[in-house]
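Descriptive analysis of the structure
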Amino acid sequence: MSLESVKKQFREENLGLEIMEMEQSTATVELAARAIGVEMGQIAKTMALALKDRNILIVSKGDAKIDNRKYKDYFKTKAKMLSSEEVFEITGHPVGGVCPFGLKNPLHIYLDKSLKQYDHVYPAAGAPNAAVKISIDELQNITKGTWIDVCK
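About the thresholds
Residues numbered from 1 in each chain as written. Predicted model: local features only at pLDDT ≥ 70, side-chain atom pairs only at ≥ 80, totals over all residues. Heavy atoms only, no water. UniProt positions renumbered as here; feature names shortened; annotations may be inferred. Helix = DSSP H or I, 4+ residues; strand = E, 2+ residues; numbered from the N terminus. Buried < 20%, exposed > 50% of the residue type's maximum accessible area, 1.4 Å probe, protein only. Polar contact = N/O pair within 3.5 Å; in protein donor to acceptor, adjacent residues only side chain to side chain. Contact = heavy atoms within 4.5 Å. Arc of directions from axis to C-beta. Pairing = 2+ DSSP bridges. Axes fitted to C-alpha atoms, helices over the stretch in contact; angles between N-to-C directions.

Looking up the protein in an unreviewed UniProt entry gives the name Proline--tRNA ligase, with the organism given as Clostridium colicanis DSM 13634.

Pasting the structure below:
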């Protein structure tokens, strides 16, 4: 269902993006990079976090980590990752396929500036064996994401 919701959004918005469905798992940054044949940084990792009043998604380059100080300075709270069950309930996507497309609920999406070192990145596409190649500009336009600097 999750992969289908991503396909539906791409179709309805005439995005012309091609989802790569692979035989092997792309559920982790390392597996996705190996399956696609790119460096780990080019995998756009989508993380679901809880703020005091809402849930958000942060998309960063695959080998980046949240910098707790930067995160707290920006959001005024500590980083709190959602559980697998919460992620699925909120996004409609299973862990390993979480992406900023075809979401079950509207969420504010933040794009970490770490992504900007690449012309194209590869976020998941709603399933642990699916990804999509997308330009940084397309990613920002489609997600209406806000650029932030919270990773190291």
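1. Here we look at the UniProt feature "domain: YbaK/aminoacyl-tRNA synthetase-associated" (unreviewed entry) in the protein
When the UniProt feature table is mapped onto this chain numbering, "domain: YbaK/aminoacyl-tRNA synthetase-associated" (unreviewed entry) sits at residues 25–141. Each end of residues 25–141 is marked by a C-alpha atom, and these two atoms are 28 Å apart; helix forms 26% of the span and strand 25%.

2. A few points about the side chain of Thr-26
Structurally, Thr-26 can be placed in the loop between strand S1 (19–21) and helix H2 (29–36). Exposure remark for Thr-26: the relative accessible area of 6% places this residue in the buried category. Among the polar contacts listed, one links the side chain of Thr-26 to the backbone nitrogen of Ala-130, at a separation of 3.3 Å. Residues within four places of Thr-26 in sequence aside, it is in contact with Leu-31, Ala-32, Ala-35, Gly-96, Ala-127, Pro-128, Asn-129 and Ala-130.

3. A closer look at H2
Within the span of H2, buried status applies to Val-29, Ala-32, Ala-33 and Ile-36. For H2, the buried positions fall inside an angular range of 100 degrees around the axis, keeping them on one side. For H2, the elements touching its buried residues are S1, strand S2 (43–50), strand S5 (120–123) and strand S6 (130–132). Just downstream of H2 lies Gly-37, where phi reads positive at about 85 degrees.

4. So, the sheet that holds strand S8 (residues 146–148)
By definition, the strands of a sheet pair up through backbone hydrogen bonds, in either a parallel or an antiparallel sense. One open sheet holds the 6 strands; their spatial order is S7-S5-S2-S3-S4-S8, and the pairing between them is mixed. Taken across any chain shown, the strands that pair with only one partner, and hence form the sheet edges, are strand S7 (134–135) and S8. Packed on one face of the sheet, helix H3 (residues 68–75) meets S2, strand S3 (55–61), strand S4 (108–112) and S8 and runs near 140 degrees to S3.

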